[in-house]
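Coordinate inspection notes
Each chain, letter by letter, is given below.
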Amino acid sequence: MRFLDRFRKGRGKTEVEPVVEAEPAVPAASDETESEISEPSVQIEPEEVTVSDLEPVKKKEGLFARLKKGLTKTRENITEKVEQLIKTSRRLDEDFFEELEAILIQADVGVNTTLELVDSLRQGVKEQRLTEVEDVKGLIKEEIAAIMTTDRDNSLCLAAEPPTIIMVVGVNGVGKTTTIAKLAYRFKQEGSRTIIAAADTFRAAAIDQLQIWADRVGVEVIKHQEGADPGAVVFDAVNAARSRQADFLIIDTAGRLHTKSNLMDEIAKVKRVIQREYPDGPHEVLLVLDATTGQNAISQAKEFYQATGVTGIALTKLDGTAKGGIVIAITKELDIPVKLIGIGETLEDLREFDAAEYVEALFA
Amino acid sequence: MVFEGLSGRLQDTFRKLKGKGKLSEDDVNRAMREVRLALLEADVNFKIVKDFVARVKERAVGQEVLTSLTPGQQVVKIVYEELAELMGGEQSRLNLASRPPTVVMMVGLQGAGKTTTCAKLARNLQSQGKRPLLVAADIYRPAAIKQLQVLGEQVNCPVFSMGQENPVNIARAAVENARSNNRDVVILDTAGRLHINEELMNELTNIKTEADPHEILLVVDAMTGQDAVNVAESFNKQLGLTGVVLTKLDGDSRGGAALSVKAVAGCPIKFAGMGEKLDNLEPFHPDRMASRILGMGDVLSLVEKAQANINQEKARELSQKIMQQEFTLEDFLDQLQQVRSMGPLEDLFSMIPGFSSAKQLQGLKGEDFDEREIGHIEAIIQSMTPEERRNPTMLNGSRKKRIARGSGTRVQDVNRLVKQFEESRKLMKQFTDMGKKGKKGKKGLRLPF
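Every value quoted in this text rests on a predicted model; they were computed, and no experiment measured them. (Residues numbered from 1 in each chain as written. Chains lettered and ligands numbered in written order. Predicted model: local features only at pLDDT ≥ 70, side-chain atom pairs only at ≥ 80, totals over all residues. Heavy atoms only, no water.)

Some points on the pattern of salt bridges
Side chains carrying opposite charge are able to pair once their charged atoms draw close together. Enumeration over the complete set of coordinates arrives at 27 salt bridges over all chains. Linked through salt bridges whose partners overlap, the residues forming this network are R55, R59, E81 and E82 of chain B. (Salt bridge = Lys/Arg side-chain N within 4 Å of Asp/Glu carboxyl O.)

Have a look at this one:
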């Protein structure tokens, strides 16, 4: 008991009631080391991580090279298979097209987009009287590039007068907070003053997570308590951005499934709070999508668009084996440009989306 | 429509088939094409779809269907059976060690919902009288430990943490701790990782060696696309999974991942995450899921929900009242609130057989079943005096005006509610009268189904 008391005293400043916490402190090892280890290191750690996390980033590596590297898996998956197909198929027959369909569908491109893509490829082959399997590769590339290259601007929308307000939305677990950290890091590198609003007041420790990232990047966070009204946080953040003359205000919202109408109403309200202060804001509503997601991503995009008027998409987790084909489907089915892609875990691994470059990297 | 559910697609196909007395092989082929496309749109893995369709087709063109009187129905039945089998046949539970503590290890990609699932599992186990211990072994994601601590407090379960210590050491110390503190289930919350990250995958292998878990559960987001197969395959190969937890099933994803994962990893789906609340972890029922996917409704879940939420005493009272024709607005309100306590209406509707197709036929969408509508009805009744609730006939113009003002609605709304209530009372009267007659005249009440 004495030990427990000591333990409690030591953690007096933590918000969370440490009573349940107390138990872990009793394991077999010696008391002294144990209490040191058990000390809530979450608050202390960020300082250390700042250094180690930022240093190993290789600055010299070009944008294209990094993108290519990040997309290697994606590329391997699609390109290798296509190439393999081209090598193994001798003739441009139905089997060839069917196999091509299979490849695209397995890349999450979606049934409709795939069927249209292959149909127009068929037509192209007929029109150009292509007979060589090799020539088809160029044609596939052109077809996809044609879908991916839209008239829409792929760069972030900026306000005429700062602050530019960026609202970040998406379903649970897609990587909103990490994307915000990466975005803030980039603005900071460019010398812009950035404020982050911790409007995810729902998920346990979401505010702490954002705060740790913000400390690593070195930007301010406007936050309330867990469970507070996100509208109120945003109201404060907007005013803080105004009075502190920030260039960017990034708003982190709680992850929500797009099918929950009450939560979608809530996020629409957050947007209205911004608009009351800045009628032209938010200047950018970024929908974060997980590249691992299948066809449901399109449904997400539609619902979030309806509730918040999404102006751009950030596609995350492209460094896995997910083939990212969903981008093609999204660009084709919705008029929302993909603006950013996440291709790794370091702060630098956020890239502007460039359709031509993306297709090139995919088929390089 | 592109965004119709799998059930919608299949139902459309089979509606066409159902009209026919006899199926030709061509008909079956056309139906199988639709099944194939629908499954692919539902994110079921390509290869699995291929096998699945081949299997169904084989049975469909065989004797089983062609000689059947209702071939369309027969195809639906085959698809359903195969779907249920693909998702794991019978329901499967958590394996508990004969000598506690049982060690459960949660693994998965980033953002799949591991930490939340850990807390939900702890609550689930507590409700079965177990004494779980949550272990914060995610040392990488910022504030992951804090998140588990907060959740642990919410479900009132101790959380073991050692800060940024090596997860292998954490796992070892946690099991020790559980043993000495009489905790019978240890739930290890590991960090999210890519299945191709060798270093981190090795870490998991080391944790496995150290903690010797009885269950290794892969947490999979129900919205995952074709990649679900690769993820499940890699995790299974490296760790030997014993089960899967499917999360975020409360969204509108068609959950094709569920179909794929089982087929690839060969282990059952043990739980389903059905919402953000910490008691929204439900056992996964492959058969029910299959019938839900096919739009055949999920009556069993509905009945279970009703039993869990509806007060038996009150229900008996209510039926008594109906029999004696004493049903009042007060009872109506009571009933309404009980139904609401069972969860969002839309969820309930989706469990009623045939409802999803009826919804489609009428072109209705989710928002037409607005919870607010019911909120209004509640408000109106609550703005009445107890006397008025018992005897709505006493409502005159000025009373109605007062009620409308009190509930933030219009007089028309009040009128409509009263009228509807009177009508349903009349209906009940007819029913009970018929019932009484039936007893006397030995002529049972005939229900329309």
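Examining the interface of chain A and chain B
Listed as interface residues are 59 residues of chain A and, on the opposing side, 50 residues of chain B. Counting the surface lost from both chain A and chain B, the interface buries some 4900 Å², and carbon and sulfur atoms represent 56% of this. The tally of links from chain A across to chain B stands at 2 salt bridges. Linking chain A with chain B are 11 residue pairs in polar contact (both at pLDDT 80 or more), by the criterion used here. Among the secondary structure elements, those contributing two or more residues to the side of chain A that touches chain B are α2 (19-22), α3 (31-38), α7 (94-106), α8 (111-127), α11 (206-217) and α14 (296-308) of chain A. (Contact = heavy atoms within 4.5 Å. Buried area = accessible area lost by both parts, 1.4 Å probe. Polar contact = N/O pair within 3.5 Å; in protein donor to acceptor, adjacent residues only side chain to side chain. Helix = DSSP H or I, 4+ residues; strand = E, 2+ residues; numbered from the N terminus.)

What to know about the sheet that holds strand β7 (residues 269-273) of chain B
Residue and element names in this part refer to chain B. Pairing is mixed across the open sheet formed by 8 strands, whose spatial order is β3-β2-β4-β1-β5-β6-β7-β8. For this open sheet the edge positions go to β3 (159-160) and β8 (281-283), each flanked by a neighbour on one side alone. Examined bridge by bridge, strand β2 (residues 132-137) and strand β4 (residues 185-190) share 6 bridges and lie parallel to one another. Opposite L134, over in β4, you have I187 as the bridge partner. Along the sheet face, helix α6 (residues 114-126) touches β1 (102-108), β2, β4, β5 (215-221), β6 (243-247), β7 and β8 and points at about 170° away from the line of β4. (Pairing = 2+ DSSP bridges. Axes fitted to C-alpha atoms, helices over the stretch in contact; angles between N-to-C directions.)

A few points about the side chain of T114 of chain A
Residues and elements named next belong to chain A. Mapped onto the secondary structure, T114 falls in helix α8. Take T114: its relative accessible area is 0%, and that puts it in the buried class. A polar contact of 2.6 Å, which involves the side chain of T114, links it to the backbone oxygen of G110. In this view, T114 contacts E101, L104, I105 and V109; residues no more than four positions away in its chain are not counted. (Buried < 20%, exposed > 50% of the residue type's maximum accessible area, 1.4 Å probe, protein only.)

A word on helix α12 (residues 230-243) of chain A
Residue and element names in this part refer to chain A. Taking 1.5 Å as the rise per residue, α12 with 14 residues should run 20 Å; its terminal C-alpha atoms sit 20 Å apart, in good agreement. Where α12 is concerned, the buried positions are P230, G231, V233, V234, A237, V238, A240 and A241. On its buried face, α12 is in contact with β2 (194-199), β3 (220-222), β4 (248-253) and α13 (261-277). Near the N-terminus of α12, the side chain that reaches the backbone nitrogen of G231, with its oxygen 3.1 Å away, is that of D229. One or two positions beyond α12, positive phi appears at Q245, with a value near 50°. (Expected span 1.5 Å × (residues − 1).)

Focus: the state of the cysteines
Note: disulfide means a covalent bond formed between the sulfur atoms of two cysteine side chains. Residues and elements named next belong to chain B. In total, this model carries 0 disulfides over all chains according to the counting rule given. Between C118, a free cysteine, and C157, which holds the nearest cysteine sulfur, the sulfur-to-sulfur gap is 10 Å. Under the relative-accessibility criterion, C118 is labelled buried at 0%. (Disulfide = S-S within 2.5 Å.)

Here's the deal with the packing of aromatic side chains
Residues and elements named next belong to chain A. Here the structure, examined in full by the defined rule, presents 1 aromatic pair over all chains. When the centroid spacing of 3.6 Å and the interplanar angle of 0° are considered together, the rings of F187 and F248 count as stacked. Taken together, the residues span a long stretch of sequence, with F187 in helix α10 (residues 176-189) and F248 in strand β4 at a distance of 61 residues. Taken individually, F187 and F248 each receive the classification buried, so the pair is uniform in this respect. A cation sits over an aromatic face here: R216 above W213, 4.8 Å from the ring centre. (Phe/Tyr/Trp six-rings, centres within 6.5 Å; stacked < 30°, edge-to-face > 60°. Lys NZ or Arg CZ within 6 Å of the ring centre and 35° of its normal.)

A word on the confidence of the model for chain B
In this model, chain B carries a mean pLDDT of 79, and residues with pLDDT of at least 70 account for 72%. ipTM for the predicted complex: 0.76, alongside a pTM of 0.73. (pLDDT = per-residue confidence, 0-100.)

Here we look at the pairing of strand β1 (residues 164-169) of chain A
In the case of a regular strand, side chains alternate between the two sheet surfaces. Residues and elements named next belong to chain A. Within β1, 6 of the 6 residues are buried, leaving the element largely enclosed by the surrounding structure. Side chains T164, I166 and V168 project from β1 onto one buried face, and the interleaved I165, M167 and V169 project onto a second face that is buried too. As paired elements, β1 and β4 share 5 bridges and run parallel to each other. Note that in β4 the partner of I166 across the bridge is I250. As defined by bridge partners, β1 adjoins strand β5 (residues 284-290) across 4 bridges and the pair is classed as parallel. Note that in β5 the partner of V169 across the bridge is L287.

Examining unusual backbone geometry
Residue and element names in this part refer to chain A. Between P162 and the following residue, P163, the backbone shows a cis peptide bond with an omega angle of 5°. With respect to the helices and strands, the residue P163 is situated in the loop between α9 (133-148) and β1. Not every positive phi belongs to a glycine, and D108 is a case in point at roughly 70°. Summarising the element assignment, D108 is placed in the loop between α7 and α8.

Section: the nonpolar core
Core analysis: the biggest nonpolar cluster contains 99 residues, and M148, L183, L249 and L315 of chain A have the highest contact counts within it. If one sorts the elements of this core by residue count, α9 of chain A sits on top with 7 residues. Taken together, domain 1 (48-57 + 153-362) and domain 2 (71-148) of chain A each give at least three residues to this core, which thus spans both. What L183 of chain A contacts, discounting residues up to four positions off in sequence, is L156, I166, I250, L286, L340 and L350 of chain A. I48, V103, I139 and I170 of chain B belong to the second largest nonpolar core, which has 73 residues in total. (Core = buried A, V, L, I, M, F, W, Y, C linked by side-chain atoms within 4.5 Å. Domains from an automatic or database assignment.)

Regarding the environment of I145 of chain B
Residue and element names in this part refer to chain B. As for its position among the elements, I145 is in helix α7 (residues 144-154). Residue classification places I145 among the buried positions, given a relative accessible area of 6%. For the pair I145 and F46, spaced 99 residues apart in sequence, the C-alpha to C-alpha distance is 38 Å. Setting aside chain neighbours within four positions, we find I145 in contact with A136, D138, S161, G163 and Q164.

Some details on the environment of R93 of chain B
Residue and element names in this part refer to chain B. Counting through the fold element by element, R93 comes out in the loop between α5 (71-86) and β1. Residues R93 and P268, 175 residues apart in the sequence, show an inter-C-alpha distance of 9.0 Å. In this structure R93 touches E215 and K270, once residues within four positions along its chain are discounted.

Considerations on the pairing of β2 of chain A
All names here are of chain A. A large share of β2 lies buried, amounting to 6 of its 6 residues. Alignment of β2 against β4, held across 6 bridges, turns out to be parallel. Each residue of the ladder has a partner; that of A198, found in β4, is D252. Pairing of β2 with β3 involves 3 bridges; the strand directions are parallel. If you follow A197 over to β3, its bridge partner there is I222.

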